[in-house]
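Chains, contacts and geometry: an overview
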Amino acid sequence: MPEGFSLLLIVVMLLAITFDYINGFHDTANAIATSVSTRALRPAHAILMSATANFVGALTGTAVAKTIASGIAVTPSGDEGQLVIAAALVGGIVWDLVTWRLGIPSSSSHALIGGLIGAAIAASGVQSLQSQGIFDKVVVPLFASPVLGVVIGFAFMVVLLNVFRRAHPKRINDRFRRLQLVSAAYMAFSHGSNDAQKTMGIMTLALVAGGVLQDPTIPLWVILLAATAISLGTAAGGWRIIRTMGQRVVKLDPVHGFAAETTAATIIIGASHLGMPVSTTHVISSAIMGVGASDRFSAVRWGVAGNIIVAWILTIPASGAVAWAAWEILSRVL
C-alpha cells in the first residue's frame with residue numbers, strides 16, 4: 001500500500017469496506033432471489049455462486065468507479081475531505097441497514113450517491129456538486145433503467161412465451177430451471193461489475209483527498225479489496241430481501257426468472273461499460289414486474305411493488321439527510 005495513511009484515512013477506508021460488505025448481503029437478492037424462489041438453485045449453492053461471480057465481475061472495469069471518484073462532487077482536500085467521505089458512507093450504511101431490516105429492496109448505489117451529495121452540500125454548499133455529471137450519470141439512469149427493465153422484461157417474456165407456446169409447461173419449466181444457472185451467474189457477474197466499483201470510487205476519492213493519490217486512478221489493491229468485501233458480504237446472504245424479491249412481488253416460474261435475470265444483467269452490463277452507477281435493485285425489480293405483467297397485469301402484487309418504488313424515491317434524499325447530520329456531528333467532534 002502507498003505510504004501517507006493517517007488514522008482518519010484508515011477509518012474512512014474501513015467504513016468503505018463496511019459499506020461494500022453490507023452492499024453485498026443487502027443486494028444478494030438481486031442476483032439469486034429469482035433462482036432460489038423457482039428452486040433452480042439451492043440457497044447455499046446460489047449464494048456461493050453469486051459471491052464468486054460478484055468477485056469476478058468486480059475485476060472487469062473501472063468506469064463506474066471513476067464516475068464516483070470524480071463525477072459527482074468536488075470534495076475538499078485534507079481532513080475535511082475525509083470527513084465528507086466518512087459522512088457519505090455513514091449515510092449509505094444507515095439507509096442500507098434500515099431497508100434491510102424492513103426487507104425492502106432499496107438501492108445501495110443511490111444510498112452512497114445520496115450520502116455523497118448530502119455530505120458535500122453540508123461541507124461546501126451546492127456549488128460543490130458536479131451538476132452535469134449527476135444529471136448524465138445518476139438522474140438519467142435513475143429513471144431510464146427501471147423503465148428499460150419493465151419494457152424489455154415484458155417484451156422478452158412475450159417472445160419466450162410465443163416461441164414455446166406449444167411446449168408442455170412442465171418441459172418449459174424444467175428447461176429454464178437449468179438455464180437459470182447461467183442467467184443467475186450472469187446477474188451476479190453484472191452486479192459485481194457495477195456495485196463493487198462504487199466502493200472502489202469512494203476509496204479512491206478518499207485517497208485523493210488524503211493526498212495519497214494525485215489523481216483519481218483506481219489502484220489495483222483497491223480493486224481487489226472492494227471485490228473481496230462485496231463477495232464476502234454476498235456470501236453472508238440477505239434473506240429478508242430475498243423473500244421480498246423472489247416471492248412477494250410476483251409468483252415466478254423458471255422461465256420468468258430466466259427472463260428477468262437476463263434482462264436485468266444485460267442492462268447493468270451496458271451501464272457499467274458507460275460508467276453509469278445504476279441501481280441493480282431497481283433494474284432487477286422492474287424486470288421482475290415486467291415479466292410478471294406479461295402473463296396478466298394482476299399477477300404483480302402492486303401494493304408490494306409500490307412500497308419498493310417509495311423506497312426508490314426516498315433513498316437519495318434520506319441517505320443524503322443522514323450524511324448531512326453525520327457531517328455536522330463529525331465536523332464538531334473532530
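Residues numbered from 1 in each chain as written. Predicted model: local features only at pLDDT ≥ 70, side-chain atom pairs only at ≥ 80, totals over all residues. Heavy atoms only, no water.

Turning our attention to the overall build of the protein chain. Scanning the protein chain from terminus to terminus reveals 13 helices and zero strands. Secondary structure elements in the protein chain, listed N-terminal to C-terminal, are α-α-α-α-α-α-α-α-α-α-α-α-α. Out of the 334 residues in the protein chain, the part that is buried amounts to 57%. Contacts spanning at least 24 positions in sequence make up 87% of the contacts within the protein chain whose residues lie at least 6 apart. For the protein chain, the accessible area works out to roughly 13,400 Å², and carbon and sulfur atoms hold 67% of it. (Helix = DSSP H or I, 4+ residues; strand = E, 2+ residues; numbered from the N terminus. Buried < 20%, exposed > 50% of the residue type's maximum accessible area, 1.4 Å probe, protein only. Contact = heavy atoms within 4.5 Å. Areas by Shrake-Rupley, 256 points an atom, 1.4 Å probe, with all protein chains shown as cover.)

Let's shift gears to the pattern of salt bridges. All chains considered together, the criterion is met by four salt bridges. The partner of Arg332 in a salt bridge is Glu328, with the nearest N and O atoms 2.6 Å apart. With a gap of four residues between them, Arg332 and Glu328 both fall in helix H13 (residues 302–333), about one helical turn apart. In the salt-bridge network here, residues are joined through shared partners; they are Lys170, Asp174 and Arg177. (Salt bridge = Lys/Arg side-chain N within 4 Å of Asp/Glu carboxyl O.)

This part is about the nonpolar core. Counting residues in each nonpolar core, the largest one holds 49 residues, and the members touching the most others are Ile72, Ile85, Leu89, Met200, Ile202 and Leu207. Taken together, the elements giving at least two residues each to this core come down to helix H1 (7–26), helix H4 (63–70), helix H5 (78–102), helix H6 (108–124), helix H7 (131–163), helix H8 (169–209), helix H9 (220–236) and H13. When near neighbours in sequence (up to four residues on either side) are disregarded, Ile202 contacts Ala16, Ile68, Ile85, Leu89, Leu112 and Leu116. One finds Met157, Met187, Phe258 and Val291 within the second-largest nonpolar core, a separate group that totals 22 residues. (Core = buried A, V, L, I, M, F, W, Y, C linked by side-chain atoms within 4.5 Å.)

A word on the layout of surface pockets. The volume enclosed by the largest pocket comes to roughly 190 Å³. In terms of lining, the largest pocket is formed by Leu142, Phe143, Pro146, Val147, His282, Trp312, Ile313, Ile316 and Pro317. Of all the secondary structure elements, the ones that give two or more residues to the lining of the largest pocket are H7 and H13. (1 Å grid on protein atoms, 1.4 Å probe; cavity = no way out; pocket = protein on both sides within 12 Å on 5 of 7 lines; lining within 4 Å. Points joined across faces, edges and corners; volume = space filled by probe spheres on them.)

Turning our attention to the packing of aromatic side chains. Inspection of the entire model under this criterion finds four aromatic pairs. Look at Phe5 and Trp221: their rings are 6.1 Å apart centre to centre, the planes differ by 50°, and that puts the pair in the tilted class. On the criterion of sequence distance, the pair formed by Phe5 in the segment before H1 and Trp221 in helix H9 is long-range, its members being 216 residues apart. Using a relative accessible area of 26% as the deciding quantity, one classes Phe5 as partly exposed. (Phe/Tyr/Trp six-rings, centres within 6.5 Å; stacked < 30°, edge-to-face > 60°.)

A few words on helix H11 (residues 254–273). The terminal C-alpha atoms of H11, which comprises 20 residues, lie 28 Å apart, in line with the 28 Å expected from a rise of 1.5 Å per residue. With 16 of 20 residues buried, H11 is to be regarded as a mostly interior element. Positive phi shows up at Gly275, right after H11, with a value of about 75°. (Expected span 1.5 Å × (residues − 1).)

Residues Val147, Leu148, Val150, Val151 and Ile152 make up a contiguous nonpolar surface patch of roughly 390 Å² in combined accessible area. Secondary-structure assignment places Leu148 in helix H7. A residue is classified by how much of its surface remains accessible, and Leu148, at 40% relative accessible area, is partly exposed. (Patch = residues over 30% accessible without salt bridge, like charges linked within 9 Å, V, L, I, M, F, W, Y side chains within 5 Å.)

Our next topic: the side chain of Ser128. In this structure, Ser128 sits in the loop between H6 and H7. Residue class for Ser128 comes out buried when judged on its relative accessible area of 6%. Excluding anything up to four places from it in sequence, Ser128 contacts Ala73, Val74, Ala120 and Ile121.

Look at H7 against H11: their axes get within 9 Å of each other, and the N-to-C directions meet at 140°. Comparing their axes, H11 and H7 come out oblique. H7 and H11 meet at a crossing whose hand is right-handed. Every residue of H11 that contacts H7 at Ser145, Leu148, Gly149, Ile152, Gly153, Phe156, Met157 and Leu160 is listed here: Val255, His256, Phe258, Ala259, Thr262, Thr263 and Ile267. (Axes fitted to C-alpha atoms, helices over the stretch in contact; angles between N-to-C directions. Parallel < 35°, antiparallel > 145°, perpendicular 65-115°, else oblique. Left-handed = near helix turned anticlockwise from the far one by under 90°.)

The next thing to look at is H1. Helix length check: H1 (20 residues) gives 28 Å between terminal C-alpha atoms against 28 Å at 1.5 Å per residue, within 8%. By the burial criterion, the buried members of H1 are Leu9, Val12, Met13, Ala16, Phe19, Asp20, Ile22, Asn23, Gly24, Phe25 and His26.

Let's shift gears to the packing of H5 against H8. How two helices sit against one another is set out by the angle between their axes and by the gap between those axes. Interhelical geometry of H5 versus H8 gives an angle of 160° and a closest axis separation of 8 Å. Relative to H8, the element H5 lies roughly antiparallel. Between H5 and H8 lies a crossing whose hand is left-handed. Contacts between H5 and H8 involve Gly78, Gly81, Gln82, Ile85 and Leu89 on the former and, on the latter, Ile202, Leu205, Ala206 and Ala209.

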